[in-house]
Each structure stands twice: as C-alpha cells, then as structure tokens.
Amino acid sequence: MELATKFHSSSFSIFSAPIYKGKTVAASPSSSSSSSSLQLSKQWLGAGLSSRTATAAKATPSLRFLSRQQRKSIISPVKCSVSQTTPAETSAEKKSQLMRRSDIRNIAIVAHVDHGKTTLVDSMLKQAKVFRDNQIMQERIMDSNDLERERGITILSKNTSITYKDTKINIIDTPGHSDFGGEVERILNMVEGVLLVVDSVEGPMPQTRFVLKKALEFGHAVVVVVNKIDRPSARPEFVINSTFELFIELNASDEQCDFQSIYASGIQGKAGLSPDDLAEDLGPLFESVIRCIPGPRIEKDGALQMLATNIEYDEHKGRIAIGRVHAGSLRRGMDVRVCTSEDTCRFARISELFVYEKFFRVPVESVEAGDICAVCGIDDIQIGETIADKAAGKPLPSIKVEEPTGKYVTSRNLRDRLFRELERNLAMKVEEGESSDTFIVSGRGTLHITILIENMRREGYEFMVGPPKVINKRVDEKLFEPFEIATVEVPEEHMGAVVELLGKRRGQMFDMQGVGSEGTTFLKYKIPTRGLLGVRNAILTASRGTAVLNTIFDGYGPWAGDISTRDQGSLVAFEEGTSTSYAMASSQDRGQLFIGPGVDVYKGQIVGIHQRSGDLSLNVCKKKAATNVRSNKEQTVVLDTPLDYSLDDCIEYIQEDELVEVTPASIRMCKNPKFTKKGSR
C-alpha cells in the first residue's frame, strides 16, 4: 500500500506526505507440492489423523472439521517432531562444530493485535514466581511505555525471562499491529521458536499471516496457542484447521506443519492439550516450550559473535545493544571488534554486561553463546552490527526488514530527532526532500507514523501534518492503485450499515461468515486504499462503536474510479479570539463543534464539522452586545458536548487543503493558507 501527504511550511515546522507500500502476498503453491506436502499419518497438533481423514485433506483444499469428542478421544501427550534432531542435521552440526544448548530456550510471542499476547505473558511471569506473592502488579506488565498503556497495544518489543525445571526461557513480547512488523522481523533473529497466539473466535488474522510467514522463513519451530478459549463463542476446531491451512499456504515444511497446539486462557492462567480439559495452570504450555522448541545452536569454542538486534538508551549508561551471543563468550571489560562488513570494522570495549532474569536486567561478568544479553560501552553501536572477537571475529549477516510503507516530509529543525529515530527503528527511513529544509520520512503505515508524531509532541516539538494520499503507479499507460483486504467483525444488527458504507467506497465483498452465539458476522472485502482513508471512524459511527476493522495490503489493481471519503465540509473560524457561549449557541446549529466556550482560536482554525458539503466560515468569538439591557432574566444557553478528536482521528479527517497542527499543548486542525479556497462560503 502506498500513501502520500504534503506538508507545507508555515510559522511551525511542517510535515508533508505519508506513503504506504506493501508487497503482494504470492499465491501459495498447491498442497501437493513436495516442499509443502504433509505426512498426515504423523501425530500433528497433538492428535493423529485417520487415513480416511488424510485422504480427504489431500483431495480438498480445506480440512474436515473434527468434533470436540473426536479430538478429545485422540489427544496424545506433547510430542514434537520439530525438536527432534534428524541424522542429516546431526552430521551437519558435527561438521561445523555446532552444538545445542539444552538449558536455554529463546522464544518470541507473536500474534495479531488484541489476541492476548501480553496478557498471556503476564500469567506466565506470575506462575513462574517472578513477583512476590504480596506484590501488587498492574495489568499488561510488559507494556511499560505510556503510549502503549494509553492505546492498549504493544509498540516496542520487550525482553524478560523465567526459569522452568532448571531451563531458562528467554521471552520476547512483540507488537501485534502490522505497522510495527519491523520490530517482529528483527526479534526473530534472536530466537529459535515462536508461540503463535490465535484468538479462539477470530482465528488467523492479517498480522497472524505476516508474523507466521516471517517465522517460517527463518525455519523456526512454532507452537500454536489458541487463546481466550473461555469465550462463549469459542470455536477451537475451526481455528486449528484455519491455522493449519495457513501453514500450507505459506509453504511450511512437513516438520513445521507438525506443530503442537495448546488451548489457553491467558487471563485465567490456564492451559491444556484439549479445549475441554484445561489444567489449573500453564504447565502444559511450559512443557510444550521445553519439548517443541529447540535450544540455541551455538559454536561454544568459536570466536565471539553477537548480532545487535535492538537498541535501548539509558541516561546513565548510554546506548545499550541487545542481542543473542551466537558463538564464543562475552566478558565484561573485553576488547571487541564492531563490524558492519568485512571491510568496515572498529574497536571498542565492553564496560557493562547484563542478562535478563525475571523482569529485570542483572549485571554479570560473562555470557556464554546462546543466551540473550545487553551490552554497554559502545556509544555508536547500530542495529545490525556484529560485536566480534578482536582478533578473529567475523561479522554475521546484517538484519534485513521489509521496506517502509508510509512517508511524511518535515522541516529542518526536526532533522536531528528524525535521524535519532533511525538508530533503533529500522522500518523507518529518512531522505532529503525537494528543498533544503525538508526531509522525507518513510514508515510502515499511519499508526507507525502517528506513534512517532505523538512521541515527538510529548518531547516538545511543534509541527503540522498534511493529509494522506495514495501513490498510484502507471503500467503500460494504465493507472493502477493499491488494494487491501479488509476484515470487519460486526454484530448482525449493524451489518447493513457497514455493507452500505464499504460499498460506497468501492469495496467488493468476497466472503461472509456468521460466528457462534454472539450474533457476530465476519465480512471480507477487497477495497482500494483510498477507500480506507477515514473509514474507521465512519464504521464505528455506523455500528455504534461495535465493529472491529483489520486490513492488510493485497496488491495493485486497475483504478477503481472516484471515491468520496467525506461528504461534509468544515466549520472554520474567521476571527481570532476566545470562543463564547453566545456565539457557539448559534454556531452549533450549523454542525458539530470541536471546541467549547472559553477556548482560544485563530483565523483559519477548523472548529467543527459542517452539516452540509462545503466549508462555512463563522465567528465563534462574537460577544453579546452590552447595550439595551432589558430587565427580564436572560435565557439560559444549552450547548452540545464538543467532539473530542485524537491525533489519529484528525489525520483521518483532514482533506487536501487542511492541516493538523501538533504542539505539546494541543492538537488542532486548520485550513492550509497556501490553497485556494474551494467550496467555502
């Protein structure tokens, strides 16, 4: 998906242009191909399939659903082929002098947004006795960033560890939103396996496909966790079969398709091998991690190699590089070589060394290969660089992530801040703009960019942001535009309004499913990216706040035609001053207002939504004349509650001739003075 916005200079620093990009997911090979053929006679998902079921699975693209009683009758203990070493692997390891560490497991927890990753990690930490019995801990312990807590999502990956039966399990909680997929891609370099958390009702969603695709490309072992199994409309059989089909579509190997499935309730802290028979704790989940995810493959006596996968910053310690030691050992005070390639290396010294124990960083004297650690003392370390042995060290392959999908242009005084963001955010790029005081900032999507904007606002920056635009392509003189797959979960009573809304935006429905006893319907659309601009608020309005929208880039297609994303104009203040109740009493008859009385406004500021098309200029600062005061009591003024728009809402609302003004004190919208007024009255 590609979008662009223009940012224009004013008295503030100006943003200009978001762009989204994406890659079309290649059509998966048929399930009969050798690379993805399945030995369905194996034990898979903890359950054996009969030969008749295997034949049916080969003959049709979708698998036959097993009833709960059937699955319960064939459940077997945890047995994972992915963790068993094959003869070929053994000979290869001997040849390269590699070995497996059995006392460590490095895992990443990945999932679609809101499928319960962080809540599941909370329960894992509590049951591993990371905290005291009398210690009061807040929910979503791993979401320590203020923005993460406010939005209820994970933005940055977090490291922690627990100990289970003398085995240290390094756990990395990852973001679930597709805009932060760059974090997930980097983290997969540090682990040998993943816990793929899937909602027991929704099943695999767009981000599930993305993170699973990356994990399979790395060759990682996968344990599927069907979470929220306690939901009344849970459908574990459908979820497991849908996940299995997703493995096939992504060309997983036979061993990867032979994954272990665990059913869990993260909020209750329970897990089991059957959806109807959960243990009283997460013991089955821990056992699956130990048995199904292999220990790190290391070269114990080799020269030191550690890849910097993530960067943190501490006011006292400076830059902290986080990564896994691939070979050799790392010691505090050790002289090392920092390499980006064979030809570009520099020397440094390790001042401090930490490992993750429970929820904290603990200082240590040395770290052996296979463990994840944090390194201090290298002030200019960058993500993707290798910390190697001073004499014989060689660099590891650098980290590669998918290209950014969004662009903004900012003014020159934001340059340093933007380039600092690049030090830890590989999924973002900064380029020179058209003029000397502008820069092009590329990201993965609107949420990716708005998180950066909000962080910068809180750091004291002031700037303005223009509206997003789709970037089209011409192929053989034909105009093509990006399309996305939109999945909407909506109650049946509001389905008609949502269908009508997406139809007006050139969306084409290709799938509709009813879900369980909750009366919820899943709708799938192929829709131009242009049609998704501002659609989230419109869908929430149409469904009275009950609909859930998820999107993923699909590919480029022929231009779909004109789309009207906003039918109403704006109410614009034409005078500077302070808003009054007297003026707003008459102004609210013209539409919905963004402000209340006693608010300072300036000329050109957008103060509300016009109830008709076209903009309307009005005076919200008008005061009641003090002359001809009558003796009778004045009439009481009743004002409507003003609309409260967030940063994301404002960016979705504005059009070509409008800007979002971002300051530490406020977020406001205004007309762009460089544009000729169109449709205003």
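Residues numbered from 1 in each chain as written. Predicted model: local features only at pLDDT ≥ 70, side-chain atom pairs only at ≥ 80, totals over all residues. Heavy atoms only, no water.

1. Observations regarding the overall build of the protein
When you go through the protein residue by residue, the secondary structure sums to 17 helices and 42 strands. Burial analysis of the protein (681 residues in total) assigns 53% to the buried set. By sequence separation, contacts in the protein at least 24 residues apart represent 72% of the contacts at least 6 residues apart. As presented, the protein carries roughly 31200 Å² of accessible surface, and 48% of it is formed by carbon and sulfur atoms. (Helix = DSSP H or I, 4+ residues; strand = E, 2+ residues; numbered from the N terminus. Buried < 20%, exposed > 50% of the residue type's maximum accessible area, 1.4 Å probe, protein only. Contact = heavy atoms within 4.5 Å. Areas by Shrake-Rupley, 256 points an atom, 1.4 Å probe, with all protein chains shown as cover.)

2. Thoughts on the confidence of the model for the protein
On average, residues of the protein score 75 in pLDDT, and 72% of them reach the 70 mark or higher. Within the model, the stretch residues 81-96 combines pLDDT values under 50 with 16 contacts to residues more than four positions away or in other chains. With pLDDT under 50 throughout, residues 151-156 is counted as low confidence; its partners more than four residues away or in other chains account for 30 contacts. (pLDDT = per-residue confidence, 0-100.)

3. Focus: the packing of aromatic side chains
Counting across every chain of the model gives six aromatic pairs. With 5.8 Å between their ring centres and 85° between their planes, phenylalanine 594 and tyrosine 653 make a pair best called edge-to-face. Linking phenylalanine 594 in the loop between strand E37 (591-593) and strand E38 (600-601) with tyrosine 653 in helix H17 (residues 647-653), this pair joins segments that are 59 residues apart in sequence. A residue is classified by how much of its surface remains accessible, and tyrosine 653, at 7% relative accessible area, is buried. Where tyrosine 645 meets tyrosine 653, the ring centres are 6.1 Å apart and the plane angle is 75°; that geometry is what we call edge-to-face. Relative accessible area serves as the criterion here: at 24%, tyrosine 645 is assigned to the partly exposed category. Among the aromatic residues, those joined into a cluster by ring pairs are Phe594, Tyr645 and Tyr653. Above the plane of the ring of tyrosine 556 lies lysine 473, whose end atom (NZ or CZ) is 4.6 Å from the centre. Lying over the aromatic face of phenylalanine 483, lysine 526 brings its terminal NZ or CZ to 5.6 Å of the ring centre. (Phe/Tyr/Trp six-rings, centres within 6.5 Å; stacked < 30°, edge-to-face > 60°. Lys NZ or Arg CZ within 6 Å of the ring centre and 35° of its normal.)

4. Section: the packing of helix H7 (residues 206-217) against helix H8 (residues 236-249)
With their axes 10 Å apart at the nearest point, H7 and H8 run at an angle of 50° to one another. As judged from the angle between their axes, H7 and H8 are oblique. You can see that H7 and H8 cross each other, and the crossing is right-handed. Where H7 approaches H8, its residues Thr208, Arg209, Leu212 and Leu216 are matched on the opposing element by Leu246, Phe247 and Glu249. Classifying every residue of the contact of H7 with H8 by side-chain character gives four nonpolar, one polar and two charged. (Axes fitted to C-alpha atoms, helices over the stretch in contact; angles between N-to-C directions. Parallel < 35°, antiparallel > 145°, perpendicular 65-115°, else oblique. Left-handed = near helix turned anticlockwise from the far one by under 90°. Nonpolar A, V, L, I, M, F, W, Y, C, P; charged D, E, K, R; others polar.)

5. A word on helix H12 (residues 446-458)
Taking 1.5 Å of rise per residue, 13 residues should cover 18 Å, and H12 covers 18 Å from first to last C-alpha, within 8% of that figure. Of all 13 residues in H12, 10 are buried, a share of seventy percent or more. Turning to H12, its buried residues number three or more, namely Leu447, His448, Ile449, Thr450, Ile451, Leu452, Ile453, Glu454, Met456 and Arg457. Positive backbone phi, approximately 105°, marks glycine 460, located one or two places after H12. (Expected span 1.5 Å × (residues − 1).)

6. Observations concerning the nonpolar core
With 40 residues, the main nonpolar core has Leu196, Leu212, Val222, Val224 and Phe247 as its most contacted residues. With seven residues, H8 is the largest single contributor of residues to this core. Setting aside anything within four residues of it in sequence, one finds phenylalanine 247 in contact with Leu212, Leu216, Val222, Val224, Ala252, Gln256, Cys257 and Phe259. Among the nonpolar cores identified, the runner-up in size contains 32 residues, and Val430, Ala573, Met584 and Leu618 belong to it. (Core = buried A, V, L, I, M, F, W, Y, C linked by side-chain atoms within 4.5 Å.)

7. Section: the side chain of aspartate 657
As for its placement among the helices and strands, aspartate 657 is situated in the loop between H17 and strand E41 (658-662). Side chain to side chain, aspartate 657 and lysine 671 meet in a polar contact 3.0 Å long. If we ignore the near neighbours within four places in the chain, the residues touching aspartate 657 are Asp615, Cys670, Lys671, Asn672 and Phe675. (Polar contact = N/O pair within 3.5 Å; in protein donor to acceptor, adjacent residues only side chain to side chain.)

8. A short note on the environment of arginine 474
In this structure, arginine 474 sits in strand E30 (residues 473-475). In this structure arginine 474 comes out as exposed when scored by relative accessible area, which is 59%. Remark: the alpha-carbon pair of arginine 474 and tryptophan 559, spanning 85 residues in sequence, is separated by 10.0 Å.

9. Some thoughts on the pairing of strand E16 (residues 318-327)
Here E16 lies mainly inside the structure; nine of its 10 residues are buried. Relative to E16, strand E14 (residues 305-307) is paired through two bridges, and the arrangement is antiparallel. Residue methionine 306 lies in a different strand from E16, and its bridge partner there is valine 325. A loop of three residues connects strand E15 (residues 310-314) with E16, the two strands running antiparallel in sequence. Of the pairings in the sheet, the one linking E16 to strand E23 (residues 372-376) comprises five bridges and is antiparallel in character. Looking across to E23, one finds that isoleucine 320 is bridged to cysteine 376. (Pairing = 2+ DSSP bridges.)

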